Amino acid sequence: MSEMTVNPVIESSLWAYKATDVVKLNDSSLKAAAKHIHTRMLAEGYNPRTWRTQPLHMLPPEAEEFSWDDPRTTASLDWIFLISSLNFNFWSEKCGSERYGVQLRESWTSGDKDGEKVQVFTGYCSLVAAINRALEEDISFIDPEFYSTCPDETVAHIFRPAPRSKEPIPLLKERIAIMRENGRILVENYGGSFANFIQDLQEEKPKLTALDVVMKVTEVFPSFRDITTYEGREVYFLKRAQILVAETWAAFFPAPSTSNQIPHRIFPGGGIHQLTMFADYRVPQILHHLGVLTYPPPLLTLLESGHYFEHGSKEEVSIRAASVVAVERVRDEILALRHQDKETAGAATSGGGSGADVPISSVLIDFYLWDAAKRIEDDGEIVVPAHRIRSIWY
Ligand SMILES: Nc1nc2c(c(CN[C@H]3C=C[C@H](O)[C@@H]3O)cn2[C@@H]2O[C@H](COP(=O)(O)O)[C@@H](O)[C@H]2O)c(=O)[nH]1
């Protein structure tokens, strides 16, 4: 495996941020946002295991009981792989219950159909809900053999919209094509599981790092190659390859009591700090809302009017690149704040088992910001609309 220690997304984004010169970072707002995120993360005890508290997430075994032979290990890796393969483009022009949503019964075990409570999930959560619902219905949807060959109608059934939704899941045809391709690659070369893909890499390199996996996924699976050409130069964003690795990292993150003795079971070589934020359409929106990113008036007018941007356009590349650069800067600011906290209070009293003990990374900041974006949405706060592009990349 080729050794790579610097993430190409960092250098690409810095270059593209300057070359596009549309979106700007606001220094003082960035410092204020970093302070706010730092304080909130500590107060909330936000840490990589917060991922495990999301009700829809499938949980692998804890690090102490980890085994490659445990079916929960394979299932959770195949679950994360399928989710990450399809983790793009959920925005809708429709509002409220008319937009695509997936309906789940609140209790799948309760036999009482009359008056049962249902919940409708939209956005990214609609994807997770549809996959979980298929599993509850005994459809082995996360099995690459299954999703590379099952009829298109089965996939359409699995993603069936809630009764009040007035649209199907966006880009269903593209999602099906990705499932066919990724499933076939896993079946033909990796014994039909993403778990084998990881095991093969670990055999090749026992101290496997997060970045090793990002680069290998990008090489092996064409639909993960989120690389744009701008002014004749390749610009790497690798949104879904990085989020695939980040979700795997978080899902298998050892509990605090064990994290000192047990290395990460999937990434024994560590390296989550080498990853960047995942340049989607939601985190840039909240970075703008926090004042970290500033948009020039013509861009604001386009966003407010619901304009469809071209993939690879100056505006799109600028929004994504500036977001990556901004979160790298926020991370550096938080590192400095933590250092200050330690100097003032003494290392022994800096957080006592909360988030302060967890190394900060752009990944953790990204997760925090995405969760915060959901809260802002739930509270109905007015924000500038996210940039609209129909694409499989994010
Ligand atoms: N940068 C970034 N983008 C993320 C996620 C996630 C979900 N990650 C889970 C793991 C940890 C978190 O706590 C979440 O539980 C989805 N997305 C992207 O958002 C968009 C959908 O948004 P909306 O339409 O509002 O649901 C779409 O582009 C989708 O690809 C993330 O974490 N970071």
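Residues numbered from 1 in each chain as written. Predicted model: local features only at pLDDT ≥ 70, side-chain atom pairs only at ≥ 80, totals over all residues. Heavy atoms only, no water.

1. Here we look at the packing of helix H2 (residues 27-44) against helix H14 (residues 362-378)
Two measures define how a pair of helices packs: the angle their axes make with one another and the distance between the axes.
Line of reasoning, step 1. Between H2 and H14, whose axes approach to 12 Å, the crossing angle comes to 85°. With respect to H14, the axis of H2 lies roughly perpendicular. Residues Ile37, Arg40, Met41 and Glu44 of H2 touch H14, and the partners they reach there are Leu364, Ile365, Tyr368, Leu369 and Arg375.
Line of reasoning, step 2. Split by residue class, the contact of H2 with H14 holds 6 nonpolar, no polar and 3 charged. (Axes fitted to C-alpha atoms, helices over the stretch in contact; angles between N-to-C directions. Helix = DSSP H or I, 4+ residues; strand = E, 2+ residues; numbered from the N terminus. Parallel < 35°, antiparallel > 145°, perpendicular 65-115°, else oblique. Contact = heavy atoms within 4.5 Å. Nonpolar A, V, L, I, M, F, W, Y, C, P; charged D, E, K, R; others polar.)

2. A few points about the packing of helix H3 (residues 71-85) against helix H7 (residues 172-189)
Line of reasoning, step 1. Relative orientation of the contacting elements H3 and H7 amounts to 145°, with a least axis distance of 10 Å. Every pair of crossing elements has a handedness; the one defined by H3 and H7 is right-handed. Packed against H3, whose contacting residues are Phe81, Leu82 and Ser85, the element H7 presents Ile178, Met179, Asn182 and Leu186 at the interface. (Left-handed = near helix turned anticlockwise from the far one by under 90°.)

3. Remarks on the site of the ligand
Line of reasoning, step 1. Taken together, the neighbourhood of the ligand is formed by 21 residues, with Asn87, Lys239, Arg282, Asp371 and Lys374 sitting nearest.
Line of reasoning, step 2. For the ligand, a nitrogen atom lies 2.7 Å from a polar atom in the side chain of Asp366.
Line of reasoning, step 3. For the ligand, an oxygen atom lies 2.4 Å from a polar atom in the side chain of Lys374.
Line of reasoning, step 4. The fraction of the free accessible surface of the ligand (660 Å²) that becomes covered by protein chains is 99%.
Line of reasoning, step 5. Secondary-structure elements contributing two or more residues to the shell around the ligand are helix H10 (239-251) and H14.
Line of reasoning, step 6. Per element, the largest residue contribution to the shell around the ligand is 5 residues, and it comes from H14. (Near = heavy atom within 4 Å. Polar contact = N/O pair within 3.5 Å; in protein donor to acceptor, adjacent residues only side chain to side chain. Areas by Shrake-Rupley, 256 points an atom, 1.4 Å probe, with all protein chains shown as cover.)

4. Side note on the side chain of Gln274
Line of reasoning, step 1. Here Gln274 shows up in the loop between H10 and helix H11 (283-289).
Line of reasoning, step 2. Looking at Gln274, its side chain comes within polar contact range of the main-chain oxygen of Thr5, at 3.1 Å.
Line of reasoning, step 3. The contacts of Gln274, once residues within four sequence positions are left out, are Thr5, Asn7, Ile10, Thr209 and Leu211.

5. Describing unusual backbone geometry
Line of reasoning, step 1. Positive phi, close to 50°, is recorded for Asn89, a residue that is not glycine.
Line of reasoning, step 2. Mapped onto the elements, Asn89 comes out in the loop between H3 and strand E2 (102-105).
Line of reasoning, step 3. If you check the backbone angles, Leu238 has positive phi at about 50° while not being a glycine.

6. Topic: the pattern of salt bridges
Side-chain pairs of opposite charge can arise whenever the charged atoms involved come near each other.
Line of reasoning, step 1. Per the stated rule, a full pass over the model turns up 19 salt bridges.
Line of reasoning, step 2. Taking the shortest distance from any N to any O, the salt bridge between Glu44 and Arg375 comes out at 4.0 Å. Taken together, the residues Glu44 in helix H2 and Arg375 in helix H14 connect sequence positions 331 residues apart.
Line of reasoning, step 3. Under the relative-accessibility criterion, Glu44 is labelled partly exposed at 33%.
Line of reasoning, step 4. A salt bridge links Asp152 to Arg180; the shortest N-O distance between them is 2.6 Å. Pair noted here: Asp152 is in helix H6 (residues 152-158) and Arg180 is in helix H7, with a separation of 28 residues, a long-range link.
Line of reasoning, step 5. Classification of Arg180 by relative accessible area gives buried; the value is 19%.
Line of reasoning, step 6. Beyond isolated ion pairs, a larger network of salt bridges with shared partners links Arg40, Glu44 and Arg375. (Salt bridge = Lys/Arg side-chain N within 4 Å of Asp/Glu carboxyl O. Buried < 20%, exposed > 50% of the residue type's maximum accessible area, 1.4 Å probe, protein only.)

7. Considering the environment of Ser126
Line of reasoning, step 1. With respect to the helices, strands and loops of the structure, Ser126 is situated in helix H4 (residues 124-136).
Line of reasoning, step 2. For Ser126, a relative accessible area of 1% translates into the label buried.
Line of reasoning, step 3. C-alpha separation for the pair Ser126 and Glu343, spaced 217 residues apart in sequence, amounts to 45 Å.
Line of reasoning, step 4. Of the polar contacts made by the side chain of Ser126, one reaches the backbone oxygen of Gly123; its length is 2.5 Å.

8. Regarding the environment of Thr209
Line of reasoning, step 1. Along the chain, Thr209 turns up in the loop between helix H8 (194-204) and helix H9 (210-220).
Line of reasoning, step 2. When its relative accessible area of 12% is taken as the criterion, Thr209 is described as buried.
Line of reasoning, step 3. Not counting residues up to four positions away in its chain, the partners in contact with Thr209 are Phe267, Gly269, Gly270 and Gln274.

Coordinates in, geometry out; function isn't part of it.
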